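# Survey of secondary and tertiary structure
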Amino acid sequence: MKRTIAVFLMIFVVMTTLHTFGESNQPLCYNIFIDSSNQRNPVIYVMTTNADSRNSITADLVLNDGQTKVFGVERTMNITGSQTVFSLQIPESVTAGEYYIRFSSTSLQMTAQSLIKYLLTADAGNIPNVSVTPSSHEEGRSRDILIYIKMDVSDYTGVTAVFLNGQGKQAVDVNKGIGSFKNGNANIRLDVPEDVVSGKYKIRVQVLNKLKDMDYTITPSIISAEVPEITSLGVSKAYLVEGRISGNIIVNGKNFSAVSSRNTIEILNQMGSRVGTAFIPDMSSGETISFPVPSSLTAGSYTVRITTEGKSAASTSTFTVRKDDGISAPTPTVSNTEPLIKSVSLSSEAVNIEGKISGSIIVTCSGFLTKPVDNRLHIIDSSGAESVFAQLDPSSSGQRLTAPIPLNLKAGRYRIKFIINSKEYIGNSTFDILKDDNLPTDNAFSITGIDMSGCILYEGMVGGNAVIHGSGFNAIPSLLELINSSGELDGNKATMVSYTQNIILLRLPASIKRGVYRFKVTISGHSVMSRDSFEVAASPMVTPLPAQGDDFSGIVRKEENTPPPIEIKIDNIQTTIDKENNKSVTEVNGHQIISKLGVNSGRKAEIVLEIKDSDETAKEVLFNTEAISIIVGNNLDIKLSSRDVNINVPLDIFKQNSSSVLRVVIDQVSDTKFVETIPPSSIKGLNLRTPVIDLKVYKENGPITKIISNFTKNIGLQFPINITDETYDIRKYGIYYFNEIDKHWEYLGGRYNKEKGIFEGETNHFTKFAVIEPNISFSDVNEKHWARDYIDVLAAKQIVKGMGNNIFLPEGKVKRSEFATMVVKAFGIPLGTYQGKFIDVKSKDWFCLYVEALEKYGVIKGTGNGYFSPNSEITNQEIAVMLINAYSYMGKKPQKTSAAPFKDMGKVAHWAKDQVDLCYSIGIIEGKKGDLFDPIKKASRADTCKGVYNLVKALNRF
């Protein structure tokens, strides 16, 4: 026998018993061997003593979680003597993976191991499909690498990922990543510390007997050989009041161009102690760095220190945060601001030479709701005479007017006039037409136009980035000056942000006074002045915020039940149609927001921007820097309301991008085209109840555009729902997002708001979304089963799942850890990081974060002495305690209307009696036949579904 066993791949479990042989006559199973030579038909050897054919043992196959049974793989054998031999048939339909063979007996004492790991290795064609994000990063930065794996293996099958150096050995500073599969997908995170040097690496993924290598690169960091120097500090759209800080600090200096994004800026107080740290943005220029003012700063004066590659520079100038006196607000909030012409310029390709004219006039406006009534720009010469007009292009809007330059204009300086609502508007900005002899001949560069659309042009509030268009910008400009209408410098200098051969991106100084200005650019000793000008208008009035301590009936303290913000609707926003790209473009007007705020006395408000319906599938909403400044300064939330979806955009997103232009795109995806691009399995059993909506946010800084995919705060989504078909079950609805990597829909959550007729939820990222009703049912829960409705609804809500192979096992028992997971999923209780709150809940346990979430929020306390007993089957009275505690967590105060009338209430433990009474009072439990509660009875899977369903219904969470 020993020789036979030696040639087999076997697992040997050493006998551990309380009695030695001969000291007890009780039937005993003391050892089990498994011969896995034939993987699909393993032979099992069961060693027993004092047992005969009246005793039996059962073997079944379970997933790697140790509890989920694989349907159809089970065998029970009667004992045939001291050694019983039988085989277990594993069909080909069972996928490769890590399993356990589980042994149980009702007539044998089991001292042998009841769970024995069993591997079904993958066949030759079953290899992991791996993608890695990102595929490279810069040396000196710590980085989380996300690895996505797809493979046809069983749930809970383990997968590892290791980071290999050029010699094929594991990098010593990078720990192995470990994960497991669910529905054929697994995700692993590798943490690469900052001290891993640059070079070529590989990420090796191993699943069962399969390996897959992916290339990864760490690029050298950019190191400055020069010591940075700070020459001055400034602020941009900043409000430096303790407790209400906003805006940016501008650091001007030298030798910033090679600063890597991993280097730091530190805020120092008057004692020289560090009170704040920021990372230098990747897009900082060689002479300017901008970063948000830390909101936690208290009143006082501060300096700035930059550190790069061990080299530091500290500012000699300071900035000051003052105490809150409750007197002034950072941005205007009045309704009587006049519309204005912000700038007049020529298009970048324009030629402004008399007799050779081509290109367009571009007029940037603010506060105009419509285009000129006669659809014209009137051209006024230097004598004030109206010499000619230009017909507007069809693409013109109230915010941006474009028209061809009249070909018959003579050399000279011109202004623009147009007529809206019978009123004439004349801009102070000018443009020039030159004679050939006016052209510069000794300069290697030229300026063809300016773009001020990204600027705020109010005296005392000037900010944002301007763009100078031209050619021949082959070196860093040494001077960027602003020349007023009298041709004087006035000491105003702009700060360069970045430049290319054709574009200079610059930041305006905040100190510019009211007036008309042109740019003067100096490169390598040569100077050129822009022919176009722009205007800084008078500052609008500012409405003070209420002083601290004043009593306002409309203000509710945070600890009280704060009502929702006042909704202020704006439905007359200017929208233009882009037929070529099949989209409508809506530009948010800051003046319209200001005019609406004037009647609300500073109360918290949510601006609802009504997006007009159109035939175009895509709707683009544009927020320029002026609009964003007003939104941030007035502490506003924004809701975009469209026919297909409403989007609640929190204030933080505008704060984090206050110096950028944001474009939100709402695109309805064609159902037919979308379905053609995805695998059929991804929509099996899913019924679309709304159109598929693709959401994107673009962030623009001058010529640079980036997509913002993830957000630090959740964004609210509301889908209008029209319930017309009685076959639809709103309780099963959910918001789903489309996983672009794995090509399948993933459940996000949400609930139906009957009063508003919307299905609402939240997301922290943008992609494709839809409201879906899944069709989920189980073969062992037929239509006549008393718990069919509870089970189907909770399964649709992803609160419960089946046991595999379309089996639910409604009469199966539920462990305490499993019920804890149900409660967390049902009420959206947030998960944290593992803290080790219970002795018997380990970090490797799949349920550890769910159990600890309930402990954190007071829903559970454990079973005493630091234990939770996760694998104990839960009783009816334990369920009652958890459900009432969850009810309280949701902000409800349960009221006892009467004592539970069950005949066996005397058997209820003292620690659960009140909760049982409360459960009965609010309709969560109903009792069983004979008016019994059965407090210590082990609850079935069907019982727990009914309890959770009733509580979700009582809280109106469907």
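Quick caveat, the model's predicted, so the values are computed rather than measured.

Further remarks concern the overall build of the chain. When helices and strands are counted, the chain shows eleven helices and 58 strands. Within the chain, the fraction of its 958 residues that count as buried is 50%. As presented, the chain carries roughly 45800 Å² of accessible surface, and 48% of it is formed by carbon and sulfur atoms.

Each turn of an α-helix holds 3.6 residues, which means side chains three or four residues apart point in the same direction. Buried residues dominate helix α3 (residues 625-633), accounting for nine of its nine residues. For α3, the set of buried residues is Thr625, Glu626, Ala627, Ile628, Ser629, Ile630, Ile631, Val632 and Gly633. By the N-cap criterion, in which a side-chain oxygen at the helix start approaches the backbone nitrogen of a residue two or three places on, α3 is capped by Asn624, the distance to Ala627 being 2.8 Å.

Position of Arg816 among the secondary structure elements: in helix α7 (residues 816-827). Judged by relative accessible area, which is 6%, Arg816 ranks as buried. Engagement of the side chain of Arg816 in a polar contact is seen with the side chain of Glu878, the distance being 3.2 Å. With residues near it in sequence (within four places) discarded, Arg816 still touches Gly862, Thr863, Phe868, Ser869, Pro870, Ser872, Ile874, Glu878 and Met882.

By secondary structure assignment, the location of Glu773 is in strand β58 (residues 768-774). Residue classification places Glu773 among the buried residues on the basis of a relative accessible area of 7%. Polar contacts involving the side chain of Glu773 include one to the main-chain amide nitrogen of Asp729, which spans 3.4 Å.

Another point: the sheet that holds strand β3 (residues 56-63). Within a sheet, adjacent strands bond to each other through the backbone by hydrogen bonds, running parallel or antiparallel. Here we have four strands laid out as an open sheet, ordered β4-β3-β6-β8, and antiparallel in their pairing. Of all the strands in the sheet, just β4 (69-78) and β8 (115-120) have a single pairing partner and so form its edges. Strand-to-strand twist of the sheet, defined as the mean angle between neighbouring strand axes without regard to direction, takes the value 25 degrees. With six bridges connecting them, β3 and strand β6 (residues 97-104) associate as antiparallel partners. Bridging across to β6, Leu63 finds its partner in Tyr99.

Moving on, we get to α7. Across its twelve residues, α7 extends 17 Å between first and last C-alpha, which sits within 8% of the 16 Å expected from 1.5 Å per residue. With eleven of its twelve residues buried, α7 lies for the most part within the structure. For α7, every residue scored as buried is listed here: Arg816, Ser817, Glu818, Phe819, Ala820, Thr821, Met822, Val823, Val824, Ala826 and Phe827. Packing partners of the buried residues in α7 comprise α6 (788-796), α8 (848-856), α9 (876-889) and α11 (941-954). Immediately downstream of α7, the backbone of Gly828 shows phi near 60 degrees, a positive value.

On to the sheet that holds strand β2 (residues 43-49). A sheet is described by the order of its strands in space; here four strands give the open sequence β5-β2-β1-β7, paired in mixed fashion. Strands with a single pairing partner mark the edges of an open sheet, and in this sheet they are β5 (83-87) and β7 (109-110). Summarising the sheet, β2 and β5 pair through five bridges and their orientation is antiparallel. Residue Val46 lies in a different strand from β5, and its bridge partner there is Thr84.

Right, let's talk about the pattern of salt bridges for a bit. Side chains that differ in charge, positive against negative, can pair when their charged atoms come close. Counted according to the given criterion, the structure contains 27 salt bridges. A salt bridge links Glu610 to Lys569, with the shortest nitrogen-to-oxygen separation between them at 4.0 Å. Here the residue Glu610 occupies a position in strand β45 (residues 605-610), and Lys569 occupies one in strand β42 (residues 566-570), the gap between them amounting to 41 residues. A relative accessible area of 24% means that Glu610 is categorised as partly exposed. Salt bridges sharing partners connect three or more residues here, namely Lys583, Glu620, Arg663 and Glu700.

We now examine the packing of aromatic side chains. One pass over the full model with this rule turns up 21 aromatic pairs. An angle of 65 degrees between the planes, with centres 6.5 Å apart, marks the rings of Trp786 and Tyr790 as edge-to-face. Judged by its relative accessible area of 45%, Trp786 falls in the partly exposed class. Among the aromatic residues, those joined into a ring-pair cluster are Phe163, Tyr201 and Tyr216.

This part takes up the nonpolar core. If you look at the biggest cluster of nonpolar residues, it comprises 60 residues, and the most contacted ones within it are Phe819, Phe827, Val916 and Val948. For this core, the elements supplying multiple residues, two or more each, are α6, α7, α8, α9, α10 (913-921) and α11. Residue contributions to this core peak at eight residues, all from α9. Apart from residues lying up to four places away in sequence, Val948 is in contact with Leu794, Ile799, Phe819, Met822, Ala826 and Leu883. Of all hydrophobic cores here, the second largest spans 46 residues; its members include Ile573, Leu662, Ile693 and Tyr752.

Here we take up the packing of α7 against α9. At a closest axis distance of 11 Å, the pairing of α7 and α9 adopts a crossing angle of 25 degrees. Put simply, α7 runs roughly parallel to α9. α9 is crossed by α7, and the crossing has right-handed handedness. For the pair α7 and α9, contact is made by Arg816, Phe819, Val823 and Phe827 and by Glu878, Ile879, Met882, Leu883 and Ala886, respectively.

Examined against the element boundaries, Ile101 turns out to sit in strand β6. Relative accessible area serves as the criterion here: at 0%, Ile101 is assigned to the buried category. The spacing of Ile101 and Gly66 is 35 residues in sequence and 8.9 Å in space, taken between C-alpha atoms. For Ile101, the contacting residues outside a window of four places in its chain are Ile34, Pro42, Ala59, Asp60, Leu61, Leu88, Ser114, Leu115, Ile116 and Tyr118.

So, on to the pairing of strand β12 (residues 158-164). With five of seven residues buried, β12 lies mostly within the body of the structure. The pairing of β12 with strand β13 (residues 177-180) spans four bridges and is antiparallel. Bridge pairing links Gly158 to Ser180 in β13. Across six bridges, β12 lies against strand β15 (residues 199-207) in antiparallel orientation. Counterpart to Val159 in the pairing with β15 is Val207.

What follows is about the packing of α6 against α11. For the pair α6 and α11, the least separation of the axes is 9 Å and the interaxial angle reads 70 degrees. Overall, the two elements α6 and α11 adopt an arrangement that is roughly perpendicular. Judged by the twist between their axes, the crossing of α6 over α11 is left-handed. Packed against α6, whose contacting residues are Asp789, Tyr790, Ile791, Val793 and Leu794, the element α11 presents Cys945, Lys946, Val948, Tyr949 and Asn950 at the interface. The residue inventory of the contact of α6 with α11, partitioned by class, reads seven nonpolar, one polar and two charged.

Another point: unusual backbone geometry. The backbone of Asn375 shows a phi angle near 60 degrees, a positive value even though the residue is not glycine. With respect to the element layout, Asn375 can be found in the loop between β26 (360-366) and β27 (376-380). Residue Asp934 is not a glycine yet carries a positive backbone phi of 55 degrees. Counting through the fold element by element, Asp934 comes out in the loop between α10 and α11. Residue Asp934 is classed as partly exposed on the basis of its relative accessible area, which comes to 26%.

What counts as what
Residues numbered from 1 in each chain as written. Predicted model: local features only at pLDDT ≥ 70, side-chain atom pairs only at ≥ 80, totals over all residues. Heavy atoms only, no water. Helix = DSSP H or I, 4+ residues; strand = E, 2+ residues; numbered from the N terminus. Buried < 20%, exposed > 50% of the residue type's maximum accessible area, 1.4 Å probe, protein only. Areas by Shrake-Rupley, 256 points an atom, 1.4 Å probe, with all protein chains shown as cover. Polar contact = N/O pair within 3.5 Å; in protein donor to acceptor, adjacent residues only side chain to side chain. Contact = heavy atoms within 4.5 Å. Pairing = 2+ DSSP bridges. Axes fitted to C-alpha atoms, helices over the stretch in contact; angles between N-to-C directions. Expected span 1.5 Å × (residues − 1). Salt bridge = Lys/Arg side-chain N within 4 Å of Asp/Glu carboxyl O. Phe/Tyr/Trp six-rings, centres within 6.5 Å; stacked < 30°, edge-to-face > 60°. Core = buried A, V, L, I, M, F, W, Y, C linked by side-chain atoms within 4.5 Å. Parallel < 35°, antiparallel > 145°, perpendicular 65-115°, else oblique. Left-handed = near helix turned anticlockwise from the far one by under 90°. Nonpolar A, V, L, I, M, F, W, Y, C, P; charged D, E, K, R; others polar.

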